[in-house]
Amino acid sequence: MAAKQSHTGPVSDPPRGSHQLRTLQLRDLHAAAGARFVGFAGWEMPLQYTGAIKEHQTTREAAGLFDVSHLGRVTIEGDGATAQLRSVTTFDIAKVRPGRAQYTLYCNSAGGIEDDVLVYRLEPERWLVIHNAANADAGFARLRKIMPNRAQHVTESTAMLAIQGPLALPLLGRVVNKPLSELPRFGCLEVTWAGRSLVVARTGYTGEDGAECILEPSAAEDLWNSLVDAGATPVGIGARDTLRLEAALPLHGSDIDASTNPFEAGLRWAVSLEDGADFTGRTTLRELSERMPERALAHLRTEGRAVLRPGYSIEADKEPVGTFTSGTFSPTLGYGIGMAYLPLMFASSGTILASIVRGKPVPVEVVPRPFYRRPS
Amino acid sequence: MEYPSDRLYAETHEWIRMEADIGTVGISYSAQEQLGDVVFVELPDAGTVVTRGDPFGVIESAKAAVDLNSPVSGEVISLNEDLPGAPELVNESPYDRGWMITVRLASPGELDDLLDAAAYAQLSGEV
């Protein structure tokens, strides 16, 4: 056996001397549960516990439990917090009601996507912002700049757990003794559990129903154990990547980054230009919104069993037209799936192209997103 | 047992189990464990001539695509037809139902260059 093509995406072996990786507060729990660790965005993360495919399937069929404490958490509060936050987000977050969460972007003045974030409006002027791990420091710096004394980095002082899958919400509701089925999609609330307070939001990154919980690390340990006792299965970032890819959720740093704009990435819905409020990138984004993008983030699949990988090239009539930004084998669907920017003429559903897989062309078809939608 | 003693191992982590002049080839427990869940296997047709140390097929997990190198030279007699449709057999049963090909050896002397279970067990720490 000889390595032919290593995964070039976000999941990679820890660099030698991996001591510089940051450690999850719940690391010992993961190790005891049999986790194999991997370096990801500067953190030592559980790659898998029992096996990535089993963990993927459990999340689709029951309830998967993820430690996502690597995500960068910042709170901002005080008079004017909403208006200040609006000055850096593409979405008109003033429209978000208290008790709701919203997906939005930070763009630069050229319209490039600096990060995609989830903002939780806990109170009219109190927000919790969730950044990608790799962008956590930049995100905090951005918020501290607009609210110097009222932006607080809480990545160290809190942990974040996600519980995802068709059984996730009832299971979490039983454990924290709250009827969470009444929580709307993208709703968030603060609950008290065993004398500890936690933020629960009906959000996630798997395409499943479920919740994300932010709470202090010692409480997170208890919550993790209680959820496992109640039947949730620990899931590593290996399955997290295949789950989000099946749901066609982009990963910042792979599918979107500072060189891509929201329109070509299919994220027009996350950009509000109508409210007239100024925000970083607005001028360029308005210009971009008025013309057709030159390329689009397309979703492609293979006919049969195959593994698509980031970096694989895509050809039309033997001419290169794009490169996969993400790709994998879909455990749920049984074929290869991936995302790639393609010139508009090749990006519509039904177009057949060729991906070069280990030197050989394999037919791939452009399909509508998402690859997988949970049964409603 | 992680390394059965009824077969020989290549440094590239394939095993071969001999019956008369026919060898059955697969990959070791530690190799499949290192790869993680196997999702794709490509094997040669019967009749293909394979050469010691050269690739005869490909195996892929989410983590990586790797060549399968033949531990011996000879002709492929049969292949595990179940494997392309059920590559998880490589993880579930690397020494039995996850076998890959059988080969009629051209030069049985090549077996002398392979490792026994104890020698391979030492090496496999380095997979």
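Everything here concerns the structure above.
The structure contained in this document is the topic of the report that follows. Just so we're clear, the structure is a prediction, and the values are computed from it rather than from any experiment. (Residues numbered from 1 in each chain as written. Chains lettered and ligands numbered in written order. Predicted model: local features only at pLDDT ≥ 70, side-chain atom pairs only at ≥ 80, totals over all residues.)

A look at the overall build of chain A
A count of helices and strands for chain A gives eight helices and 21 strands. Seen through its C-alpha atoms, chain A measures out along the principal axes to roughly 65 × 50 × 45 Å. For chain A, the residues scored as buried account for 51% of the 376 residues in total. (Helix = DSSP H or I, 4+ residues; strand = E, 2+ residues; numbered from the N terminus. Buried ≥ 20, exposed ≤ 12 C-beta atoms within 10 Å, placed from the backbone.)

Considerations on the environment of A:Leu29
Residues and elements named next belong to chain A. With respect to the helices and strands, Leu29 occurs in helix α1 (residues 27-32). Sequence separation between Leu29 and Phe346 is 317 residues; the distance between their C-alpha atoms is 47 Å. Ignoring anything within four residues of it in the chain, the contact list for Leu29 reads Glu221 and Trp224. (Contact = placed C-beta atoms within 7 Å.)

As for the interface of chain B and chain A
Listed per partner, the contact involves 19 residues of chain B and 19 residues of chain A. Here the element with the most residues in the side of chain B that touches chain A is strand β7 (residues 64-69) of chain B; it accounts for six residues. In the side of chain B that touches chain A, the residues fall into 10 nonpolar, four polar and five charged. (Nonpolar A, V, L, I, M, F, W, Y, C, P; charged D, E, K, R; others polar.)

Description of unusual backbone geometry
Across residues other than glycine, the phi torsion is negative in most instances, and most of the peptide bonds are trans. All names here are of chain A. Cis geometry is adopted by the peptide bond preceding Pro370, which originates at Arg369 and carries an omega value of -5°. Here the phi dihedral of Asn177 falls at roughly 60°; this positive angle occurs in a residue that is not glycine. Position of Asn177 relative to the elements: it lies in the loop between α5 (168-176) and β12 (188-193). The backbone of Lys318 sits at a positive phi, close to 70°, despite the residue not being glycine. Counting through the fold element by element, Lys318 comes out in the loop between β17 (313-316) and β18 (319-329). Judged by the 8 C-beta atoms lying within 10 Å of it, Lys318 is exposed.

Things to note about α5(A)
Quick reminder: α-helices carry 3.6 residues per turn. Residues three or four places apart thus point the same way. Taken together, the buried positions of α5(A) are A:Ala168, A:Leu169, A:Leu171, A:Leu172, A:Val175 and A:Val176. Buried residues of α5(A) fall within an arc of 160° about the axis and therefore sit on the same side. (Arc of directions from axis to C-beta.)

A look at the pairing of β7(B)
All names here are of chain B. Counting buried residues in β7 gives five out of six residues, a clear majority hidden from the surface. Of the strand pairs in this sheet, strand β6 (residues 55-61) and β7 are connected by five bridges, and their pairing is antiparallel. Bridging across to β7, Pro55 finds its partner in Asn69. Where β6 folds back onto β7 in an antiparallel hairpin, the turn is made up of two residues. (Pairing = 2+ DSSP bridges.)

Here's the deal with the environment of A:Thr89
Residue and element names in this part refer to chain A. Position of Thr89 among the secondary structure elements: in the loop between α3 (81-86) and β7 (100-107). Residue Thr89 is classed as buried on the basis of its 25 C-beta neighbours within 10 Å. Distance from Thr89 to Ser109, taken between C-alpha atoms, is 12 Å for residues 20 residues apart in sequence.

Some words on the packing of helix α2 (residues 52-61) of chain A against helix α7 (residues 237-246) of chain A
All names here are of chain A. Two numbers describe how α2 lies on α7: the axes approach to 8 Å, and their chain directions differ by 55°. Classified by the angle between their axes, α2 and α7 sit oblique to one another. The chirality of how α2 crosses α7 is right-handed. Contact residues: Ala52, Glu55, His56 and Thr59 in α2; Gly238, Ala239, Thr242 and Leu243 in α7. Of the residues in the contact of α2 with α7, the class split is three nonpolar, four polar and one charged. (Axes fitted to C-alpha atoms, helices over the stretch in contact; angles between N-to-C directions. Parallel < 35°, antiparallel > 145°, perpendicular 65-115°, else oblique. Left-handed = near helix turned anticlockwise from the far one by under 90°.)

Structural notes on the pairing of strand β20 (residues 352-357) of chain A
Residue and element names in this part refer to chain A. Here β20 shows a clear split, with Leu353, Ser355 and Val357 buried on one side and none of Ile352, Ala354 and Ile356 buried on the other. As paired strands, β17 and β20 are joined by two bridges and run antiparallel to one another. Bridge pairing in β20 places Ile314 opposite Ser355. As paired strands, β20 and strand β21 (residues 360-367) are joined by six bridges and run antiparallel to one another. Following the sheet pairing, Ala354 is matched in β21 by Pro363. Turn length for the β20-β21 hairpin, with the two strands adjacent in sequence and antiparallel, is two residues, and the turn residue Arg358 shows positive phi of about 50°.

Looking at the sheet that holds strand β9 (residues 126-131) of chain A
Residues and elements named next belong to chain A. Reading across from one edge, β7-β8-β9-β6-β10 is the order of the five strands in this open sheet, with antiparallel pairing throughout. Whereas interior strands pair on both sides, the edge strands pair on one side only; in this sheet they are β7 and β10 (151-153). Strand after strand, the sheet turns through a mean of 25° between neighbouring axes, direction not considered. In this sheet, β10 lies alongside strand β6 (residues 72-77) in antiparallel orientation, the contact comprising three bridges. Residue pairing in the sheet places Ile76 in a bridge with Ala151 of β10. Those strands touched by helix α4 (residues 136-146) are β6, β7, β8 (113-123), β9 and β10, and its axis lies near 10° from that of β6.

Digging into the sheet that holds strand β15 (residues 233-234) of chain A
Residues and elements named next belong to chain A. Taken in spatial order, the six strands make up an open sheet running β12-β13-β14-β11-β5-β15, and their pairing is mixed. Single-partner strands in this sheet number two, and they are β12 and β15. Alignment of strand β11 (residues 159-164) against strand β14 (residues 210-215), held across six bridges, turns out to be antiparallel. Bridge pairing links Leu161 to Cys213 in β14. Those strands touched by α5 are β11, β12 and β14, and its axis lies near 40° from that of β14. Against the sheet, helix α6 (residues 217-229) touches β5 (64-67), β11, β13 (196-201), β14 and β15, its axis set at about 20° to β11.

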